[in-house]
Amino acid sequence: MAAGAPLIPRTGIGIDVHGYGLAADELYLAGLYWPGEIGLSGHSDGDPVAHAAADALFSAAGVGDLGTHFGTDRPEYAGASGVTLLAEAARIVRAAGFEIGNIAVQFVANRPKFGPRRAEAEAALSAAAGAPVSVSATTSDGLGFTGKGEGIAAIATALVYLAPAG
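Owing to the predicted nature of the structure, the values given are computational and were not obtained by experimental measurement.

Relative to the helices and strands, histidine 51 resides in helix α1 (residues 48-61). Side-chain polar atoms of histidine 51 contact the side chain of aspartate 45, separated by 3.5 Å. Not counting the four nearest positions on each side in its chain, histidine 51 is found in contact with Asp16, His18, Ser44, Asp45, Gly46, Leu66, Gly82 and Leu85.

Within the UniProt annotation, "binding site: a divalent metal cation" (unreviewed entry) is assigned to Asp16, His18 and His51. These annotated residues cover 36 residues of sequence, and their C-alpha atoms lie no more than 10.1 Å from one another, placing them together at a single site. Positionally, histidine 18 belongs in strand β1 (residues 9-19). Each residue touching histidine 18, except ones within four places of it in the same chain, is listed here: Leu40, Ser41, Gly42, Gly46, Pro48, His51, Phe145, Gly151 and Ile152. There is a polar contact of 2.6 Å between the side chain of histidine 18 and the backbone oxygen of serine 41. A polar atom in the side chain of histidine 51 sits 3.0 Å from the side chain of serine 44.

Our focus in this paragraph is the pattern of salt bridges. Scanning the model with the defined rule gives five salt bridges in all. Of the charged contacts, one joins glutamate 88 and arginine 91 as a salt bridge, the two residues approaching to 2.7 Å between their closest N and O atoms. In this pair, glutamate 88 and arginine 91 both sit in helix α3 (residues 82-95), three residues apart, roughly one turn of the helix.

This part takes up the packing of aromatic side chains. Following the criterion strictly, the structure yields five aromatic pairs and no others. Between tyrosine 28 and tyrosine 33, the aromatic rings sit 5.4 Å apart at their centres with planes inclined by 40°, giving tilted as the arrangement. Among the aromatic residues, ring-to-ring pairing joins Trp34, Phe107 and Phe114 into one connected group. Against the face of tyrosine 20 rests arginine 111, its NZ or CZ located 4.3 Å from the ring centre. The side chain of arginine 117 reaches across the aromatic face of tryptophan 34, ending 4.5 Å from its centre.

Residue proline 112 follows arginine 111 across a cis peptide bond; omega there is 0°. Summarising the element assignment, proline 112 is placed in the loop between β4 (98-108) and α4 (118-129). Notably, alanine 30 is not glycine yet its phi reads approximately 60°, a positive angle. Summarising the element assignment, alanine 30 is placed in the loop between β2 (26-29) and β3 (32-38). Even without a glycine there, the phi angle at aspartate 141 is positive, about 50°.

It is worth spelling out the nonpolar core at this point. General note: in soluble globular proteins, nonpolar side chains tend to be found buried as a group. With 46 residues, the main nonpolar core has Val49, Leu57, Leu86, Ile103 and Phe107 as its most contacted residues. Sorting elements by how many residues they give to this core places α1 first, with 10 residues. Each residue touching valine 49, except ones within four places of it in the same chain, is listed here: Leu29, Ala30, Val105, Phe107, Leu125, Val135 and Ala154.

Our next topic: α4. The end-to-end C-alpha distance of α4, which contains 12 residues, comes to 16 Å, matching closely the 16 Å that a straight helix rising 1.5 Å per residue would cover. If you check which residues of α4 are buried, you get Ala121, Leu125, Ser126, Ala128 and Ala129. Buried residues along α4 cover an arc of 160° about the axis, so they all sit on one side. Turned more than 90 degrees away from the buried face of α4, the exposed residues are Ala119 and Ala127. Residues of α4 that are buried in the fold lie against β3, α1, α3, β4 and β5 (133-138). Trailing α4 by a residue or two, glycine 130 shows a phi angle of about 70°, which is positive.

How each quantity is defined
Residues numbered from 1 in each chain as written. Predicted model: local features only at pLDDT ≥ 70, side-chain atom pairs only at ≥ 80, totals over all residues. Heavy atoms only, no water. Helix = DSSP H or I, 4+ residues; strand = E, 2+ residues; numbered from the N terminus. Polar contact = N/O pair within 3.5 Å; in protein donor to acceptor, adjacent residues only side chain to side chain. Contact = heavy atoms within 4.5 Å. UniProt positions renumbered as here; feature names shortened; annotations may be inferred. Salt bridge = Lys/Arg side-chain N within 4 Å of Asp/Glu carboxyl O. Phe/Tyr/Trp six-rings, centres within 6.5 Å; stacked < 30°, edge-to-face > 60°. Lys NZ or Arg CZ within 6 Å of the ring centre and 35° of its normal. Core = buried A, V, L, I, M, F, W, Y, C linked by side-chain atoms within 4.5 Å. Buried < 20%, exposed > 50% of the residue type's maximum accessible area, 1.4 Å probe, protein only. Expected span 1.5 Å × (residues − 1). Arc of directions from axis to C-beta.

Right, here's the structure in full:
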């Protein structure tokens, strides 16, 4: 990049959805373990917040998507934690020449009660990404997949910019 050239940000969007699994499954959401909650089905730990964040990074950098890098054809990622996938996504994005500005994620679910653990979740995800990650939660007023308690959806945006040369 030429000296003095403006840093032009790029934005990306990631969406991830997982249905509830068996009552014996453990819930991992926003990089945290939620004892006593029914887990989500998935190739990895089924954490839609971490997965949407990773997908938003890939989208912003134009380097594929979650399936490209961690798909079901990659057995080494079976059961992997969402924070592991987010950390690897951040590494891939940085290797492509980008720095991460921030990631914002909102998930839609009836449970678990997120507010009391928001700071803990944001700290775990921010540490994995090496950049600020904010997380918010909402319900869908009983409507649709999430409102019927069938699973959790997450939508994320990410901002990246070309890393300065040097």
